[in-house]
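# Secondary and tertiary structure notes
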Amino acid sequence: MRMINRLPISIVRGLLLGWLAAVPAVLAAQEENLAEPRTRHFSIGITAGIDRNYHSVDMVYMSDMKFDKFRTGSVYGFRIGYAPLKWLSINTGAVLIQKNYHMDHVFEYYNLRYSLNTTMTNDYVNVPLELKLSVGRVVQIHAFGGVFGGYWLRGHRKGNTYSFSNERYFDVDEDWEFNDKRDNRIEKGFTWGAGLSGKIIDRIEVGAEIRWYYSITDIQKPYMQNLNPRYNTAFAIQGGLSYWL
Amino acid sequence: MKTRKYIINTMAIAAMSTLMMVSCRKEAPVLHNPNHLNCKSYTEQFQTIWEGVDQSYVFWERDTVNWDTRYDRCLPLFQAFDARGTANPVTLDEYKAAWENVLKGLVDHHFAAILWEPNRKTAIAVSPGHKAPYETDIAQEISILKRMPGISDLTENTVSGSKAPQSWSCLLPGKESGEKIAYFRFSGFAFDESSQSQAELAPLYAFFDPDTAGNVGDRALINRDDVKGIIIDVRGNRGGNFGNIAMYIASLLQKKLHIGYTRVKEGVGRLDYSAWLPTILTPPKRPIKQEKNIVLLVDANSVSCSEITAVLIKCIPNGKVVGERTFGGTGPLWPNTNLHDIFYNGCFGDTNLFNFYTNEGRTYSNPDYAYYVYTSTFEFVDLNYESFEGKGVIPDIVVPYNAQELKAGTDKQLERALEYLRNGN
């Protein structure tokens, strides 16, 4: 039986359309304030949160090798923003984000059941560049979208595996050894989301947001024909603090 | 108005970006389990085996063959075979040459593709690994052994159904008067499969005399106080069951021995691998009385388990490997294709075809272009992660094979082994 272990395209489309629906609402609400200039244009800030990563891979006939749908990780980093208008800003920065995944491999051999598993913890640095549209005075609602570039900094493999020659399980706990031919450490993709923010004192703003990091680069280099692509999609909930310069 | 136009443009760009974003990911290729396919033509047989090796071959990280180019270059050969029809049938020589082209240079020295040609109702086998430069003349080497001065306690045995003996053990004189060197030889490691009774294992049992718990017995040759050294001769031994190594070599150990690592493929990609797993041998609960120097005799026809034994002997301080560089086929494997459906690598295809090809007297028939690919399930490396596949293990003391001297009645490799054990160098 063929196992399709991929993020359903309808969910991705739904999330994107939902995000697009927010854009005109925000813009329409802004119309009355469009001409109002910002008094401060630059902001810097920090952000932190958690993410759930979905590792998309089609395991074709290897149906007993199952990848968890989502795996939790952490996100933290800094941001820089430039707001030419009160409703519009351009943001960038850098975040350290974990895009983790898990594989279970359960099988029977001569009436004995074997259960193997591996959790991959992957640290990435992502640098987004995005446009943010905002509405509201005391509490602002935001919708944002853009692109990101990234780099796969580190991987770690932990779990167990079975040795038939020793007839026993062995624990696996090792750093991922990058293979220049196989591993594509450069990442590109799209990011989008929505959030809320508000000033707590004159120059300081706090906020929270949900966002997706949708990678469009395979984590493997195209080193062979018939390569089965693997993609990461991380959904993050982040909080942050900004300081307006 | 300008603002509204700007908003509409922004939305249009965002919508286009969304569609682009969703379609930016590549689709997975359509792949099939190469273990369970029926091929109706030369081309299908080629494509199936090519894909099977693509996904199931464990040496891709070391292999230098450009497998993708091989596909592009060889596909037209098989398409041309199919186009010829019955008027101009493909000859077996052409068929074999085409497959040699496909598989040439693969580093796995266990590798063999067994290919069924349904039009001629026959099978051919293609092995890309190098051939040993000579055949080991075991009969002559044993003949020389039997004429050695001072030889005693010779035990030899013939497994049921075989014409010649497969195993020998004896005692040879040591350095001092009364001292002995225990000698043991098996022409293959398949004790538990081919032996019908314990009597057939007489040389092995004389050598280490295991009790029911696998402990070394007091009557074992290797446990005698007068035995000061041990020779294990695996010249011409083409391998067999990995479990057999533990059965007799582990009996020589005083403590657990970590000899290397193995790994399997873990996914469809050529470079998807499991973690390296340690290969550890455990000694019997009651090992031999004291450490004795051990020499392993090897030659270019020592394959697989024999080579892993060489790696093992190199790991123990009282061990030395003497002879010639081994064959270079060190990847452990299970010929039964059941394991392919667990690890998705190693041997795949029709096991009946393998049994037909490797056993005289069996019959086989198949209307399809059946196949069986015999290839390593595991990659084996030593403690330094050095692979010996296609290279072989180099002995500590190199003594080249000399056919002329052997014919004349001198076994230089055995003499050098005895010299080392008697003099310590």
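Note that this is a predicted model, so its numbers are computed, not measured.

Further remarks concern the overall build of chain B. Counting its regular elements, chain B contains 13 helices and 14 strands. With the C-alpha coordinates of chain B rotated into their principal frame, the extents come out at 110 × 65 × 40 Å. By the burial criterion, 44% of the 425 residues in chain B qualify as buried. For chain B, the proportion of contacts with a sequence separation of at least 24, taken over those separated by at least 6, is 71%.

Right, let's get into helix α3 (residues 67-84) of chain B. Residues and elements named next belong to chain B. With 18 residues, α3 extends 26 Å between its outermost C-alpha atoms, agreeing within 8% with the 26 Å of an ideal straight helix rising 1.5 Å per residue. Along α3, the largest kink reaches about 30 degrees and is centred on C74; proline P76 follows within four residues of it. Taken from the residues just after α3, G85 is the one with a positive phi, measuring 70 degrees.

Now for the environment of I124 of chain B. All names here are of chain B. Assignment of secondary structure puts I124 in strand β2 (residues 122-126). For the pair I124 and I114, spaced ten residues apart in sequence, the C-alpha to C-alpha distance is 5.7 Å. Each residue touching I124, except ones within four places of it in the same chain, is listed here: L92, Y95, K96, L115 and E117.

Moving on to the domain arrangement of chain B. All names here are of chain B. By the assigned domains, chain B splits into domain 1 (42-131 + 333-374) and domain 2 (138-326 + 395-423). Its C-alpha centre places domain 1 at a distance of 34 Å from the equivalent point of domain 2. Each partner contributes to the interface: domain 1 provides ten residues, whereas domain 2 provides six residues. Among the elements that take part in the side of domain 1 that touches domain 2, helix α2 (residues 42-56) stands out by supplying three residues, more than any other. The residue inventory of the side of domain 1 that touches domain 2, partitioned by class, reads four nonpolar, four polar and two charged.

On to unusual backbone geometry, then. A positive phi angle, close to 50 degrees, is found at Y110 of chain A, a residue other than glycine. When you line up the elements, Y110 of chain A lands in the loop between β5 (101-109) and β6 (112-135). Given 5 C-beta atoms within 10 Å, Y110 of chain A falls into the exposed group. Positive phi values are uncommon outside glycine, yet D153 of chain B reaches one of about 55 degrees. With respect to the element layout, D153 of chain B can be found in strand β3 (residues 152-157). By C-beta crowding, D153 of chain B is classed as partly exposed, having 14 other C-beta atoms within 10 Å.

Take the confidence of the model for chain B next. Predicted confidence across chain B gives a mean pLDDT of 89, with 91% of residues reaching 70 or more. Reported for the predicted complex are a pTM of 0.87 and an ipTM of 0.84.

Structurally, P89 of chain B can be placed in the loop between α3 and α4 (92-103). Aside from chain neighbours lying at most four places away, what touches P89 of chain B is R84 and N119 of chain B.

Calculation notes
- All residue numbers refer to positions counted from 1 along the written sequence of the respective chain.
- The naming scheme follows written order: chains are lettered A onward, ligands numbered 1 onward.
- Local features are withheld for residues below a pLDDT of 70 in this predicted model, meaning they are given only at 70 or higher, and side-chain atom pairs are given and counted only at 80 or more; totals for whole chains, interfaces and linings count all residues.
- Helix and strand assignments follow DSSP, with helices taken as H or I runs no shorter than four residues and strands as E runs no shorter than two, numbered in order from the N terminus.
- Counting other C-beta atoms within 10 Å of each residue's C-beta, where C-beta atoms are placed from the backbone, gives the exposure class: buried for 20 or more, exposed for 12 or fewer, partly exposed between.
- We call two residues in contact whenever the C-beta atoms placed from their backbones are within 7 Å.
- For a helix, the expected span equals 1.5 Å multiplied by the number of residues minus one.
- Two axes enter the definition of the bend at a residue: one is fitted to the seven residues ending there, the other to the seven starting there, and the bend is the angle between them.
- Segment limits for the domains were obtained from an automatic or database-derived domain assignment.
- Residues were grouped as follows: Ala, Val, Leu, Ile, Met, Phe, Trp, Tyr, Cys and Pro as nonpolar; Asp, Glu, Lys and Arg as charged; and all remaining residues, including Gly, as polar.
- Within a predicted model, pLDDT stands for the predictor's per-residue confidence, ranging from 0 to 100.

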